[in-house]
Amino acid sequence: MAVANRQLAAIQSLSEKQASALADLDAATNDRLNAISVATQQGVINLYQALAVWKMARRDKALSNKITKLAASPCTYEPQSIEFSVNNSNNVETNTARERTLGLNNRVLAGLMLHTWRTQDVKCPETRFSKVESCCSGPIDISPYGLDAVFKLGSPIFNPDLYDPDGKMLTSIYNCSEISQPTFNIIEAATTLTVNAPPYCAELYNPRNIPYAFWHLPLSGLPAGFPVFFDINLSHEAAATWLQWVQEGLLVDDRTRGLAAHLISYNADLKVFAAIQVDFDFQQGGSIKVSHRIYTLSLELYDATPANLARYAFEVLLAGCIVMLMVLQLKDIGASVLTQKGQRRGGLKAYFSSGSVWLKLVNNVLLLAGMGLWWTFVNQHAKQFSMNLRYPVSPCCST
């Protein structure tokens, strides 16, 4: 009972102190307002300064009042359950295409592809320069190379979250057990040491147990090499990180013999596709030969413009002329086997004995074939052509 009375007395004393503090605060605020009024009337401060001081007085009063009330309020802690969602900062829909342009109105399609090819080092033939350089370029090399710098200590893009001294996380990502016959315990020729001990197979890891970065992917029309793709959906930061990963992964090294950059764009004003290719050929003497090619293609051939309509009319006229020439040729061939004045003409043999006839026939056949190829291209390819702005070439996150 005595303890309860003491606690009640303490609470009552705290309430009285709180009331006294609030009263003192009100008195101090009123005194400050009176001082502001007197100073304004005496011309010590102008109205603008008086307004600023008055706002400061109100703010100080509210702050002191808040502190006094919170100090006198008992604190209680109770467990609470609050549901919330985690934002992964991905503000871009991955199934849509970002707009990337070259210049003002050339829209980039899909992205930029870098394609490199390498050669194996072979021993140079014996010459008087053999002591200067003993290694020469050999056949095309499609074995994996480079290193995934995300897992390499000391790399600028090393991810501390992936630091794995035991290798369990690394081997779960680059899992050699998914390979039918992985290769382990390789004798390194340069050091005669045994490398690629389990679980670091030679197919996925270099002799220092760091995963390779680049693998061969066959692409139609390109030499056997290693493609790297920059998606148009990469943000500025992601593209810079991806470029740094390519650089730190040693995409270009001393065995690289060529690099090509491929880009496709579309100009909506001209309605023309453009395939741009820049080639970097590494010469034997150490220089790099740079060349470029730009291919343009128009697939909207007959939209309603005066120029296209006029071209379409002339194409129809040309097709009619070609068909007429072929019909006349066939008519002459048919007439050569008919009778005239009761006697048979020389027949097909006599007709085709003239060189001009053969020249005319070959000319008409080539014209007819060219016309057929053109209209096949127009109806089966150009009119039915459709291209997406972006293609998901990799399941990797693109932001």
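Look above for the structure.
Residues numbered from 1 in each chain as written. Predicted model: local features only at pLDDT ≥ 70, side-chain atom pairs only at ≥ 80, totals over all residues. Heavy atoms only, no water.

Undergrad: Explain the state of the cysteines to me, please; I cannot follow it from the model alone.
TA: Per the counting criterion, the structure on display carries two disulfides. For Cys-124, the disulfide goes to Cys-136, at an S-S distance of 1.8 Å. Disulfide Cys-124-Cys-136: the torsion about the S-S bond is 110 degrees, which places it as right-handed. With a gap of 12 residues between them, Cys-124 in the loop between β2 (106-123) and β3 (135-141) and Cys-136 in strand β3 connect regions that are remote in the sequence. A residue is classified by how much of its surface remains accessible, and Cys-124, at 11% relative accessible area, is buried. Note on Cys-136: relative accessible area 29%, which makes it partly exposed. Through a disulfide, Cys-176 is tied to Cys-201; the S-S separation comes to 2.1 Å. When the S-S torsion is -80 degrees, as for the bridge of Cys-176 with Cys-201, the disulfide is left-handed. Highlighted residues: Cys-176 in the loop between α3 (168-173) and β4 (186-187) and Cys-201 in the loop between β5 (194-195) and β6 (226-231), separated in sequence by 25 residues. Judged by its relative accessible area of 4%, Cys-176 is buried. On the basis of relative accessible area, Cys-201 is assigned to the buried category, the value being 0%. For the protein, numbering the cysteines in disulfides from first to last along the sequence yields the connectivity 1-2, 3-4. (Disulfide = S-S within 2.5 Å. Helix = DSSP H or I, 4+ residues; strand = E, 2+ residues; numbered from the N terminus. Buried < 20%, exposed > 50% of the residue type's maximum accessible area, 1.4 Å probe, protein only.)

Undergrad: Whenever I open this one, the side chain of Gln-277 confuses me. Can you help?
TA: Among the structural elements, Gln-277 can be located in strand β8 (residues 272-282). One polar contact links Gln-277 to Asp-279, side chain to side chain, over a distance of 2.8 Å. Setting aside residues no more than four positions away along its own chain, Gln-277 makes contact with Ala-260, Ala-261, His-262, Ser-291, His-292 and Arg-293. (Polar contact = N/O pair within 3.5 Å; in protein donor to acceptor, adjacent residues only side chain to side chain. Contact = heavy atoms within 4.5 Å.)

Undergrad: Help me out: how do you make sense of the pairing of strand β7 (residues 256-267) in this one?
TA: Each regular strand displays side chains that alternate between the two surfaces of the sheet. Extensive coverage of β7 is indicated by the burial of 11 of its 12 residues. Strand direction decides the pairing type here: β7 and β8, joined by 10 bridges, are antiparallel. Bridge pairing links Ala-260 to Asp-279 in β8. (Pairing = 2+ DSSP bridges.)

Undergrad: Can you walk me through the nonpolar core in this structure?
TA: Nonpolar side chains tend toward joint burial in soluble globular proteins. In terms of nonpolar packing, the biggest core is built from 27 residues, with Leu-114, Tyr-205, Phe-214, Val-228, Trp-245 and Leu-251 touching the most fellow members. Of all the secondary-structure elements, those providing two or more residues to this core are β6, α4 (236-248) and β7. The contact partners of Leu-114, leaving out residues within four places of it in the chain, are Phe-226, Pro-227, Val-228, Phe-230, Leu-251, Leu-259, Ala-260 and Ala-261. Counting residues in hydrophobic clusters, the runner-up holds seven residues, among them Tyr-266, Leu-301, Val-378 and Ala-382. (Core = buried A, V, L, I, M, F, W, Y, C linked by side-chain atoms within 4.5 Å.)

Undergrad: Got a minute to help me understand the packing of helix α5 (residues 306-335) against helix α7 (residues 355-382) in this structure?
TA: Angle between the axes and distance between the axes: these two values describe a pair of packed helices. Interhelical geometry of α5 versus α7 gives an angle of 140 degrees and a closest axis separation of 10 Å. Of the two possible hands of crossing, α5 and α7 adopt the one that is left-handed. The segment α5 lies against α7, with Arg-311, Tyr-312, Glu-315, Ala-319, Ile-322, Val-323, Leu-325, Met-326 and Gln-329 engaging Val-357, Lys-360, Leu-361, Asn-364, Val-365, Leu-367, Leu-368, Met-371, Trp-374 and Trp-375. Of the residues in the contact of α5 with α7, the class split is 14 nonpolar, two polar and three charged. (Axes fitted to C-alpha atoms, helices over the stretch in contact; angles between N-to-C directions. Left-handed = near helix turned anticlockwise from the far one by under 90°. Nonpolar A, V, L, I, M, F, W, Y, C, P; charged D, E, K, R; others polar.)

Undergrad: Could you clarify how one ought to interpret the pattern of salt bridges in this entry?
TA: For side chains bearing opposite charge, pairing can occur when the charged atoms are close. Counted by the stated rule, this structure contains seven salt bridges. Between Asp-141 and Arg-118 there is a salt bridge whose closest N-O contact spans 3.5 Å. Of this pair, Asp-141 sits in strand β3 while Arg-118 sits in strand β2; the two residues are 23 residues apart in sequence, bridging distant segments of the chain. No difference in accessibility class separates Asp-141 from Arg-118, as the two residues are buried. For Asp-141, a relative accessible area of 5% puts it in the buried group. Shared partners join several salt bridges into a network, and the residues in it are Arg-118, Asp-141, Asp-253 and Arg-255. (Salt bridge = Lys/Arg side-chain N within 4 Å of Asp/Glu carboxyl O.)

Undergrad: In this structure, what is going on with α7? I would like to understand it.
TA: Because an α-helix packs 3.6 residues into every turn, residues spaced three or four apart end up facing the same way. Between its first and last C-alpha atoms α7 spans 39 Å; for 28 residues at 1.5 Å apiece the expected length is 40 Å, and the two agree. Those residues of α7 not exposed but buried are Val-357, Leu-361, Asn-364, Met-371, Val-378 and Ala-382. (Expected span 1.5 Å × (residues − 1).)

Undergrad: Would you mind going over the packing of aromatic side chains with me for this structure?
TA: In this description, an aromatic ring pair is defined by two values, namely the gap between the centres and the angle between the planes. The full count for this structure, using the stated rule, is 14 aromatic pairs. Seen in terms of ring centroids, Phe-158 and Tyr-163 are 6.4 Å apart; in terms of plane orientation they differ by 80 degrees. Their pairing is edge-to-face. Among the residues examined, Tyr-163 registers a relative accessible area of 45% and is labelled partly exposed. Ring geometry for Tyr-174 and Trp-215: centres 6.3 Å apart, planes at 20 degrees, overall stacked. Of the two residues, Tyr-174 is situated in the loop between α3 and β4 and Trp-215 in the loop between β5 and β6; the sequence distance between them amounts to 41 residues. Judged by its relative accessible area of 15%, Tyr-174 falls in the buried class. Looking at Trp-215, the relative accessible area reads 32%, which means it is partly exposed. Its end group placed over the ring of Tyr-145, Arg-118 keeps NZ or CZ at 3.9 Å from the ring centre. (Phe/Tyr/Trp six-rings, centres within 6.5 Å; stacked < 30°, edge-to-face > 60°. Lys NZ or Arg CZ within 6 Å of the ring centre and 35° of its normal.)

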